Amino acid sequence: MAEKSELARPYAVAAFKQADEEGKLGEWAGMLELLAAIARDATMSGLIANPGVDRAALVDLFIDVCGTHLADTGRNFVKVVGHYNRFALLPDISQRFAEEHAAREGRNRVHVTSAFDLSEAQRASIVQAMEKRLGSKVTLDCEVDDALIGGVVIRAGDLVIDASLKGRLGQLAQTLA
């Protein structure tokens, strides 16, 4: 199955194009952040995951919870997401939209997952290398995942650099198979 971020991409791109046409990138970013927060709520995520819950009822629930924070085109977006049963993708859609927005403004958000906490010198080195590679200013989001064993995984939009020990062991296993 495709990664959630891959599935979220066309929705984020469509939302970005709509927001750009309307000249309301900031307003759309806020709407998508709100929708993502609602989708992450424990109760709501339970309803989203329950196949017995009517999708039209979920659409109405999202729209009711958002109230006046959704523009007409935002409500239509929720209806499309509901029609295709993609509510669980809303956090990823919001994130991809933010990446598109940042890229438009000449900024890139780079997500770094490392096996251990990165020092300031390591962070600065990654920022410098990624700014050179991407040709724009970079903001890092860092998280620790000890399952990587060692190294880092760097994600900037569609670019993925897997320099983790787990990734290298996986490559070795494929080579030997």
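Looking at the pattern of salt bridges
Counted by the stated rule, this structure contains five salt bridges. The shortest N-O distance in the salt bridge between Asp72 and Arg75 comes to 2.4 Å. Residue Asp72 and its partner Arg75 are both found in helix H5 (residues 72-83); the two are separated by three residues, about one turn of the helix. Take Arg75: its relative accessible area is 25%, and that puts it in the partly exposed class. With its nearest N and O atoms 2.6 Å apart, the salt bridge here joins Arg107 to Glu105.

Things to note about the environment of Lys79
Along the chain, Lys79 falls in helix H5. The sequence separation of Lys79 and Arg55 amounts to 24 residues, and the corresponding C-alpha distance is 9.3 Å. With near-sequence residues (within four places) excluded, Lys79 lies in contact with Val59 and Ile63.

Describing the pairing of strand E2 (residues 137-144)
Pairing of strand E1 (residues 107-114) with E2 involves eight bridges; the strand directions are parallel. Bridging across to E2, Arg109 finds its partner in Thr139. You can see the chain leave E1, run along helix H7 (residues 120-134) and come back into E2, and the turn it takes is right-handed.

Cut-off values and rules
Throughout, a residue's number is its position along its own chain's written sequence, starting from 1. Two thresholds apply to this predicted model, a pLDDT of at least 70 for residue-level local features and 80 or more for giving and counting side-chain atom pairs, whereas whole-chain, interface and lining totals are computed over all residues. In computing side-chain values, all of the structure's heavy atoms are included and hydrogens and water are not. Within this document, salt bridges are pairs made up of a side-chain nitrogen of Lys or Arg and a carboxyl oxygen of Asp or Glu, the two lying within 4 Å of each other. By the criteria applied, helices consist of DSSP H or I runs no shorter than four residues and strands consist of E runs no shorter than two, each listed in order from the N terminus. Summary of the burial criterion: residues with accessible area below 20% of their type's maximum are buried, those above 50% are exposed, and those between are partly exposed, where the area comes from a 1.4 Å probe applied to protein chains only. Any two residues whose heavy atoms approach within 4.5 Å at even a single point are treated as in contact. Two strands pair under a simple rule: DSSP has to find at least two bridges between them. Here a crossover is taken to be right-handed if, once the strands point away from the viewer, the path from the first strand over the helix to the second is traced clockwise.

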